[in-house]
Amino acid sequence: MTDQHGTESQLAWDIREKFLPLPPKSPDSEYKRLFFVGKTGAGKTTLLRQFLGINPTKHSFPPTSSSRTTVADFEAILTEFGSEYKCIATFFKKDFILGHIKDCLFDSAKSFSEKSDFDKAYDNFLEHKKQVFRLKYMIGDVRKLKNKNQSSHLDKIILKNGIKYEKYIETLSENIRKKGSEVLKILFDGKSYEDLSSENKSEYNEYIFSDIVESEYFVKCCDGIIDDILNVFNEATKHGKVEKDCTGWPKTFFCTARNEDSFMEIVRKFCSNDASEHGSLVSPIVNGMRISGPFCPLWNQRAIPKIIILDGQGVGHTVDRQNILSTPTSITDNFYKVDSIVLVDTAPQPMLDGTASILSSVITHGYSEDLIFAFTKFDQIEGTDIVDEDDKKQRVTAPIRNFAATYVDDKSLGIEAQDILCNIPDRKFIFLSSIDKIVDNNNDQKIPLQNLLNVAEVSFFPRRAPEQLKNDITNKDTNNTQTHHSKQIHNVSKSVHDKSKNEIKKNNQINKQSQVKAKENNTALNFIGKYPTLVDLGFDKTKLSVGLLKAVKIFHEKWDALLNHGSPSREPAEHWTRIKALNRRISEYNLDSYDTLAPVADITRFVQDAIFKYTTQYLCGNKFDQKLKNEILKKCSNRLALSCRPKIISTQRQRWDRANNFSGKGSTRCRADEIREIYLNGVPPKNESELISTIVKLIQNEIEKAFHVDHKK
C-alpha cells in the first residue's frame with residue numbers, strides 16, 4: 001500500500017517485482033507466502049536459514065546477530081531443482097545514506113569535543129546510535145589494524161582512509177568548540193551551557209548542528225565518505241548487472257549463478273555482517289533483496305517446498321510506558337500480501353514488547369486466521385515447576401491465553417482479542433529448539449519445522465535423488481557469459497510478470513463470482529428466506545462514528561503530549577532532537593516514522609482498534625462469524641493504509657518542509673506547533689471528518705454486500 005508519492009519500501013518492492021516477480025497470490029496458486037515477523041533477536045533469520053537449507057558452518061547467509069541485523073527487506077522464492085539462482089538487490093537513495101553519514105560524523109565530532117574520548121567518538125562514527133546503519137561494514141575500523149601487519153590490499157585501503165577519517169573528526173570537533181563559544185557569547189549572554197534552560201539548550205544544539213552540517217568542510221568530508229563507499233560498491237559488484245542513477249549512485253544489482261556456492265560468493269557482500277570482511281561489504285546501503293533458487297531444507301528429504309518467505313527488520317525491545325506500541329507500517333503493509341503470518345518469538349520470554357504490538361495488529365486487522373506462532377529456544381525453558389513438555393508449552397502459551405493483561409488502558413479491546421486467540425488451534429503453535437545448528441533428516445527437530453509447513457498447507461516440488469541433482473547441473477549450458485544471463489533473465493522476468501498480471505486478473509474474476517454465489521447460498525439464508533436490513537444486523541452508524549471519533553481524539557491527545565502541548569495523555573514529552581529527526585525523515589526521505597515516533601502507524605492503529613471493537617461488540621454475533629468479521633476488518637485496514645498516509649504525509653508535504661526548515665531561537669516550539677497543525681488538518685477530531693465518513697460508509701457497504709441488505713425497510 002502506498003500513497004500517491006509512494007513509500008520508499010513499496011517503490012523498492014515494485015522494482016524487485018519488475019526484475020524477479022513473485023508467483024501470484026491467489027487461491028489457485030501452488031505457492032504459499034509466509035511472512036516472518038517478530039521482535040529483534042527472536043530468531044526470524046535463523047528460522048529462514050532452516051527453510052533455505054543453508055549450512056551455517058559453510059555460509060553465513062542471511063546473517064544473524066544478537067543486535068539488529070536485518071535492517072533491509074528480504075524475500076526468498078524457493079524454486080524446483082535444476083533452476084538457476086537469481087538475486088535482485090535495491091538500494092537506499094543517496095540522500096538517505098548521506099543523512100546517516102551526517103548523523104554519525106556530527107555525533108562523533110560532538111562527542112570528541114565534549115569528552116575528548118577518541119575511541120568513544122570513533123565508535124559513534126562507525127555505528128549509528130540507533131543501530132540501523134553501520135558505516136564500519138563498508139569502510140572498516142582502522143583501529144583493528146594498528147597492531148598488525150597490513151599486508152592485504154584491503155587493509156592498506158582501510159588504513160589510508162582511517163587516517164583521513166580521524167582527521168575529519170578532530171577538525172570538526174575543534175570547529176564545534178569554536179562555534180559553541182560564539183553562540184553562547186552572542187545569543188545567550190555568555191552563559192555556560194550548563195546554565196541554559198532546557199529550551200535554550202535545544203536552541204543552542206540546533207544552532208550548532210545547522211551551522212556545522214552546512215559548512216563547506218563538513219560537506220567535503222561527507223562527499224569523501226560517499227566516494228569511498230562507491231569504491232567498495234564497485235569492487236563488490238563485478239559479477240552482475242548494476243543500474244545507477246544520474247549521480248552514479250546504485251539503484252539495482254542483478255545476478256544469476258549456476259550453483260549455490262557461486263551464488264553465495266556473489267550475494268554475501270550485500271547482506272553480510274562478517275567482521276573479517278568489514279571494509280568490503282555494501283549491506284548498509286541495501287534496502288531490499290530478493291533471491292530465488294532451488295533452496296532445499298536439509299530436513300525435508302530432498303523435497304523443496306513451494307513457498308515464498310518474506311523477512312524484514314524486527315520490532316525493537318522498547319516497552320511502551322502505558323500501552324503496547326503501534327506496529328510499523330512496514331509490517332502491517334505486508335499483511336495482505338501473504339497467506340500466513342508467522343509470529344516468531346522466544347519461548348523463555350514470550351509476548352514482550354514489540355511481539356505484543358504485532359500480535360494485536362494481526363488480530364485487529366483481521367488476519368487472525370492466517371496466524372502461526374513459532375517459538376524459538378524452546379529447549380532453554382527451565383524451572384523447578386517444569387515436569388514435562390506439556391508444562392513447557394503451558395508456560396509459553398500462558399501470556400497468549402491471558403492476552404487481555406497486555407492492554408493497560410483498554411481492557412475491553414484486550415478481552416475481545418483474547419477471545420479470538422483462545423480459539424486458535426493448538427497445531428498453530430510451533431515449538432522450536434536448536435535451530436541455530438544443522439537440522440537434517442536424522443534430527444528430531446525436523447518435526448516441528450515440518451509441522452509448520454503442514455499448518456501453512458504447503459505443497460512440494462518433486463523429490464530429486466542425489467544423482468539426479470548432479471545431472472540437472474551438468475546438463476546445463478555453462479558457456480554463456482554473466483551479462484548474457486542477466487539480459488536473458490530480465491526478458492524472461494518481464495514475460496512472467498505480464499503473464500502473472502493476466503493470471504491475477506483472471507483469478508480475481510473467478511473469486512468474485514464464487515464469493516457472490518457463496519454469499520447468496522449461505523449468508524442470506526441465515527435469515528430464513530428474507531434479506532435483512534441494517535437494523536436486523538445491528539449496524540448502528542452513530543455508535544460507529546462515536547468510536548472512530550474517540551480514536552482520533554486519542555491520537556491527538558498522544559501527540560499533543562509528545563509535542564509538549566498540554567494533554568490529558570500520560571505520555572511524556574519527546575526530546576526536540578527526536579521530533580526534529582521525525583520531521584527530517586518525512587520531509588527529506590519520504591518516510592513515515594522515526595524509531596517509535598510513528599504518526600501514520602498511530603492513527604491507523606487507533607482507528608483500526610475502534611473498528612475491531614465495533615465489529616466484535618455491536619454487529620449481531622450469531623450472524624457474523626469471525627471469518628466474515630475478519631473480511632470486513634481486512635477491507636478497512638487496506639483502506640486505512642491508503643487513506644491515513646496521504647492525510648498525514650503527502651497532502652501536508654509543504655507544511656512538513658516548512659517545519660523542517662525552522663532554525664534558531666524558538667524553532668523547537670514553532671516546529672512542534674506546525675506539526676500539531678498538520679495533524680489537526682489531516683485528521684481533524686470532528687464527527688463529520690472525511691476519514692470517519694469514509695470508514696463508516698466502507699463498513700456499511702461491506703455489510704450490505706455480504707448480506708444483500710434490503711434497503712426498503
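Residues numbered from 1 in each chain as written. Predicted model: local features only at pLDDT ≥ 70, side-chain atom pairs only at ≥ 80, totals over all residues. Heavy atoms only, no water.

Colleague: What is the right way to look at the packing of aromatic side chains in this model?
Modeller: A ring pair, where both rings are aromatic, is described by two values, the distance of the centres and the angle of the planes. Applying the stated rule across the entire model yields 31 aromatic pairs. Judged by centre distance (5.5 Å) and plane angle (85 degrees), the rings of Phe51 and Trp299 are edge-to-face. On the criterion of sequence distance, the pair formed by Phe51 in helix α2 (residues 44–52) and Trp299 in the loop between β6 (286–293) and β7 (307–311) is long-range, its members being 248 residues apart. The exposure classification of Phe51 matches that of Trp299, with both residues buried. Centroid distance Phe112 to Phe118: 5.4 Å. Interplanar angle 90 degrees. Geometry classified as edge-to-face. Look at Phe112 and you get buried, because its relative accessible area is 16%. (Phe/Tyr/Trp six-rings, centres within 6.5 Å; stacked < 30°, edge-to-face > 60°. Helix = DSSP H or I, 4+ residues; strand = E, 2+ residues; numbered from the N terminus. Buried < 20%, exposed > 50% of the residue type's maximum accessible area, 1.4 Å probe, protein only.)

Colleague: Would you mind going over the pattern of salt bridges with me for this structure?
Modeller: Opposite charge on two side chains allows them to pair when their charged atoms are near. For the coordinates displayed, the defined rule picks out 46 salt bridges. Its salt-bridge partner being Glu277, residue Arg268 comes within 1.8 Å of it at the nearest N-O pair. According to the relative accessible area criterion, Arg268 is partly exposed, its value standing at 22%. The class of Glu277 is buried, set by a relative accessible area of 12%. Across the pair Arg658 and Glu674 runs a salt bridge, and its minimum N-O distance is 2.8 Å. Within this pair, whereas Arg658 is found in helix α21 (residues 653–661), its partner Glu674 is found in helix α22 (residues 667–682), the two being separated by 16 residues in sequence. The class of Glu674 is buried, set by a relative accessible area of 11%. (Salt bridge = Lys/Arg side-chain N within 4 Å of Asp/Glu carboxyl O.)

Colleague: Even after reading the chapter, I still don't get the environment of Ile438, so can you show me in this structure?
Modeller: Tracing the sequence through the fold places Ile438 in the loop between β10 (429–431) and α14 (446–455). We classify Ile438 as partly exposed; its relative accessible area is 36%. Along the backbone, Ile438 and Gly53 are 385 residues apart, and their C-alpha atoms lie at a distance of 8.9 Å. Contacts of Ile438, omitting those with residues within four sequence positions, involve Asn55, Pro56, Thr57, Leu298 and Asn443. (Contact = heavy atoms within 4.5 Å.)

Colleague: Help me understand the sheet that holds strand β1 (residues 32–38), please; the structure alone is not making it clear to me.
Modeller: Paired through their backbone hydrogen bonds, the strands of a sheet run either parallel or antiparallel. Sheet architecture is open: ten strands sit in the order β4-β5-β3-β6-β2-β7-β1-β8-β9-β10, paired in mixed fashion. The sheet terminates laterally at β4 (241–244) and β10, the two strands that pair on one side only. Adjacent strand axes in the sheet meet at a mean angle of 15 degrees, parallel and antiparallel pairs treated alike. Here β4 runs beside strand β5 (residues 250–257); their pairing, made up of four bridges, is antiparallel. Bridge pairing in β5 places Glu243 opposite Thr252. Here helix α9 (residues 260–267) sits on the sheet in contact with β3 (85–91), β5 and β6, set at roughly 165 degrees to β5. Most of the contacts of α14 go to β10, to which it runs at about 160 degrees, and overall it touches β1, β7, β8 (340–346), β9 (371–376) and β10. (Pairing = 2+ DSSP bridges. Axes fitted to C-alpha atoms, helices over the stretch in contact; angles between N-to-C directions.)

Colleague: Help me out: how do you make sense of helix α17 (residues 541–562) in this one?
Modeller: At 3.6 residues per turn, the α-helix brings residues three or four places apart onto the same side. Between the first and last C-alpha of α17 there are 32 Å, a value that for 22 residues agrees with the 32 Å anticipated at 1.5 Å per step. The opening residue of α17, the one whose side-chain oxygen lies 3.0 Å from the backbone nitrogen of Thr542, is Asp540. A positive phi of about 60 degrees marks Asn564, the residue just after α17. (Expected span 1.5 Å × (residues − 1). Polar contact = N/O pair within 3.5 Å; in protein donor to acceptor, adjacent residues only side chain to side chain.)

Colleague: Is there a simple way to explain the pairing of β7 in this structure?
Modeller: Each regular strand displays side chains that alternate between the two surfaces of the sheet. Burial analysis of β7 places five of its five residues in the buried class, the great majority of the element. The side-chain alternation of β7 yields two buried faces, one formed by Ile307, Ile309 and Asp311 and the other by Ile308 and Leu310. Here five bridges tie β1 to β7, and the two strands are oriented parallel to one another. Counted as the bridge partner of Arg33 is Ile308 from β7.

So yeah, pure geometry; function would need other evidence.
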